[in-house]
Amino acid sequence: MSRLGTIARRSFLIGSAAIAGGVAFGWYAYRKPIANPLLGEGEAVALTPYVMIDATGVTIIAPRAEMGQGVHTTLAALVAEEMDLPMDQIKVHHGPASAAYFNAAVLEEGVPFAPSDTSWLAETMRGAMHVPAKFLGFQITGGSSSTPDAYLKMRQAGAMARAVLVKAAAARWGADETTLKTESGAVEAPDGNRLTYIDLAVAAAAIELPDDAPLKARADWTQLGRSQPRTDMVGKVTGTAQYAGDVRLAGQLFATVRTNPNLGAAMTGYDATAALAMPGVKHVLAVDGGVAVVATSTWAAFQAADAIVFDWAAASYPANTADQAAQVAASFAPDFQDSQSRDEGDVTEALKTGTAFSAEYSVPYLAHATMEPMVAVAHVVDDKVDVWAGNQLPTQVVVEAAKITGLLPEQIDVHTTLMGGGFGRRAEMDFIRQTLQVANQLRGTPVLLQWSREEDMTHDAYRPMAMARVNATVQDGMVQAMDLQVACGSVISSQTGRLGYSIPGPDATIVQGAKDQPYTFPNYRVTGYRVPAGVPVGSWRSVGSSQNAFFHESAMDELAHLAGVDAVQFRLSQITHSPSLKAIEAVASMANWGTALPKGRARGFAFAYSFGVPVAEVIEVEQTDAGIKMTNIWAAVDVGIALDPGIIEAQVQSGIVYGLSAAIRGEITFADGHVEQTNFSDYEPLRLRECPPIAVKVLENGEKIRGIGEPGTPPAAPALANAIFALTGQRIRSLPLGRDVMFA
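This section reports on the structure supplied with the text. (Residues numbered from 1 in each chain as written. Predicted model: local features only at pLDDT ≥ 70, side-chain atom pairs only at ≥ 80, totals over all residues. Heavy atoms only, no water.)

## Quick notes on the overall build of the protein
So, point 1. Looking only at helices and strands, the protein features 21 helices and 29 strands.
So, point 2. Taking 744 residues into account, the globule formula puts the C-alpha radius of gyration at 27 Å, and the protein, at 27 Å, falls close to it.
So, point 3. The C-alpha extent of the protein, read off along each of the three principal axes, is 80 × 70 × 50 Å.
So, point 4. Across the 744 residues in the protein, those meeting the buried criterion constitute 59%.
So, point 5. Once the 55 positive and 76 negative side-chain charges of the protein are each reduced to a mean point, those two points are 3 Å apart. (Helix = DSSP H or I, 4+ residues; strand = E, 2+ residues; numbered from the N terminus. Rg over C-alpha atoms; globule rule 2.2 N^0.38 Å. Buried < 20%, exposed > 50% of the residue type's maximum accessible area, 1.4 Å probe, protein only. Lys, Arg positive; Asp, Glu negative; His and termini not counted. Charge placed at Lys NZ, Arg CZ, Asp CG, Glu CD.)

## Digging into unusual backbone geometry
Backbone geometry follows two general trends: most residues other than glycine have a negative phi, and most peptide bonds adopt the trans configuration.
So, point 1. Each neighbour pair has its own omega, and for Leu-735 with Pro-736 the value is 5°, a cis peptide bond.
So, point 2. Residue placement: Pro-736 occurs in the segment after helix H21 (716-728).
So, point 3. Phi at Ser-184 is positive, roughly 50°, even though this residue is not glycine.
So, point 4. With respect to the secondary-structure elements, Ser-184 resides in the loop between strand S7 (181-183) and strand S8 (186-188).
So, point 5. The phi dihedral of Ala-369 falls on the positive side, at around 55°, and the residue is not glycine.

## Concerning the sheet that holds strand S20 (residues 447-450)
So, point 1. Taken in spatial order, the 7 strands make up an open sheet running S12-S13-S10-S20-S17-S18-S19, and their pairing is mixed. In this open sheet, the two strands that pair with only one neighbour each are strand S12 (281-287) and strand S19 (412-416). Shown here is a sheet whose adjacent strand axes are inclined to one another by a mean of 20°, direction ignored.
So, point 2. Of the strand pairs in this sheet, strand S10 (residues 253-259) and strand S13 (residues 290-295) are connected by 6 bridges, and their pairing is antiparallel. Note on S13: the bridge partner recorded for Arg-258 is Val-291.
So, point 3. Together, S10, S12, S13 and S20 form the strand contacts of helix H10 (residues 298-306), whose direction differs from that of S10 by roughly 30°.
So, point 4. Against the sheet, helix H14 (residues 430-441) touches S10, S12, S13, strand S17 (375-381), strand S18 (384-389) and S20, its axis set at about 35° to S17. (Pairing = 2+ DSSP bridges. Axes fitted to C-alpha atoms, helices over the stretch in contact; angles between N-to-C directions. Contact = heavy atoms within 4.5 Å.)

## Observations concerning the pattern of salt bridges
So, point 1. The final tally for this structure, using the stated rule, is 44 salt bridges.
So, point 2. In this structure, Lys-384 engages Asp-386 in a salt bridge whose closest nitrogen and oxygen atoms are separated by 2.9 Å.
So, point 3. Take Asp-386: its relative accessible area is 14%, and that puts it in the buried class.
So, point 4. With its nearest N and O atoms 2.8 Å apart, the salt bridge here joins Arg-603 to Glu-620. (Salt bridge = Lys/Arg side-chain N within 4 Å of Asp/Glu carboxyl O.)

## Digging into the nonpolar core
So, point 1. Judged by nonpolar contacts, the single largest core of 82 residues is most densely connected at Met-482, Leu-660, Leu-720 and Leu-737.
So, point 2. When residues in this core are grouped by element, the largest group, 8 residues, is from H21.
So, point 3. Excluding residues within four positions of it along the chain, Leu-660 makes contact with Ile-619, Met-630, Ile-633, Leu-686, Ala-716 and Leu-720.
So, point 4. Residues Ala-80, Met-83, Leu-165 and Leu-209 belong to the second largest nonpolar core, which totals 48 residues. (Core = buried A, V, L, I, M, F, W, Y, C linked by side-chain atoms within 4.5 Å.)

## Some thoughts on the sheet that holds strand S16 (residues 355-363)
So, point 1. Spatially, S15-S23-S22-S21-S16 is the arrangement adopted by the 5 strands of the open sheet, whose pairing is mixed. The strands lining the two open edges of the sheet, one partner per strand, are strand S15 (337-344) and S16. Each neighbouring strand pair of the sheet contributes to a mean axis angle of 10°, computed without reference to strand direction.
So, point 2. As paired elements, strand S21 (residues 466-475) and strand S22 (residues 478-489) share 10 bridges and run antiparallel to each other. Opposite Asn-471, over in S22, you have Asp-483 as the bridge partner.
So, point 3. Against the sheet, helix H11 (residues 321-330) engages S21, S22 and strand S23 (523-531), with an angle of about 45° to S21.

## Section: helix H19 (residues 578-590)
So, point 1. Relative to the 18 Å expected for 13 residues at 1.5 Å per residue, H19 spans 18 Å between its end C-alpha atoms, a close match to the ideal helical length.
So, point 2. Looking only at H19, the buried set comprises Pro-579, Ser-580, Leu-581, Ala-583, Ile-584, Ala-586, Val-587 and Ala-588.
So, point 3. Of the surrounding secondary structure, the elements contacted by the buried residues of H19 are helix H18 (567-572), strand S24 (601-610), strand S25 (613-624), strand S26 (627-638) and strand S29 (694-699).
So, point 4. The positive-phi residue at the C-terminal boundary of H19 is Asn-592, with phi of around 50°. (Expected span 1.5 Å × (residues − 1).)

Following this line, the structure appears as structure tokens:
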């Protein structure tokens, strides 16, 4: 965004004309009263926020944050394809904080219909989500929504730009525009004459955009549908990519924080005498829940923060893990019922017949544990605020900055940098708010504030601790009835509450990934119970689907065993949703499911339908003298339309590794109100040597285009747990699995 800010505030010479800010093309704002965020005061020619042409070429504005998932490459390719621009001829910048980049697709997940429901009513309600999305103006990256939200918008941006560029060329040559073609960033005439988009930008800006511009047929795609080189790869490989921690400004100081380890409680006092006497320390300042140490280097700030003596208020939640688990178990009561979003047939009556099954499953709190710790830079002066941060919600950063500094939104610039992992954590504002609080107290001095790894691990908004109770019956090899009850803290109320919003009604994330599975049991009930608020919880990769897939698919494996039916066939016989069936069949074929394995090896299967994406996974394990070892993983996913198979494959592999890290070792525990895990040494992700080959098959049978950042995660834990049962006969119903078995 820093380079984009420069572009939007100076003039470029294009041909013989000086253009303030370049020429921007795009979709949506041409007929909607949302200001184009690329324009500054007095700038004369720009249309909409997605494509800009200046003297250096074409810049594509990506409205979503790049945190390693490859979204900048995919979104840029949507525009480049329609403009007939090779990817090596474009630049990509993250868009400024603006309601013009609102995300409507992220709200569609909350409608009370399964993603597989494409009925008129379901689609109408999803379409209606564009109204509150525009009203809220949330420029959010999350919910595997970036590509679905951008798919038409950004293709239309490219098509609109191409249309007016062709018109400009036709006018200059006095030619029939239908005789002209575009190729490699230029318009070409039948006689070989050629005008680049830079040559035509000024004239094109004066042409009124058409009401519509035809999009390329899929058969004509030359870039979409193929794996593209990542636009951020060179910078990351060479170490020149810019993260928030790389920002250096004149006169900059460095800070860190210490806040109450009893999460959400106050600081009642502190003694910073020793810290203030340490070399390089400039200030100790109040921030939310604690203090910030400001020094001439981050290391000096870290050392000084350790020297402060604090008096902390006690936590309001149960102080230890056992008591927290007891609170979750006690929430299976009518007073805590949050929703009953699926209730088909007569479950109560049907549970009286057939072979009965009953089980209880549980999962612990989990940290996001991004590789890059929380870090931001803020510079506050009397009439201007600049914030540099890897973040998933830049429009909310503007809100926070305005509240803290008293300045107007138009005086605030948010520079969204690359980030070393997000997984939902960087939709939180805590570290950014603290940075702004420090910079506001030191107006005129830029401040880089970075959390220590220990502060990060012990002050997260965690994935909730959750529990499920399943009662079911099987008859004639099929599930006759299933009653699934889930007790979980509310991610929605906790997360939106921290942002200052209140969303009434049930929390769909409590039953997400449970209520919307495409099974056709004749009697099927899913009930969600809301655990009282306490430990702060937030969106963790795949949100409610991450734990509910473990509950649901562990139960399905147990029910298949009880019915005496093969685990894959058991699913196939009780699903009619075609894309889901094909994903299951594909992964079974990939893994040669059903063939004999060498002694000491076994396989586990799991399926989950999350964010509209059916994902089937098979994990093969082997018993070794050192413990259980994963030897192979197969996954089949259906995204509807695969824009970049290489990025999709990488995202599925990433999601599986993230899910397995949590399944094997992930656990946040509490003692005396404090989180006990403090670093990767006691919250250890999978190491490279522990990860087997992961084969991914990408399918395109789905009803519409879907995102893939999260759906790979949910089936990973149950597939591994089911493999362990197949290998050892030990059924594990509580995560992490490493508490019960040894892994090599």
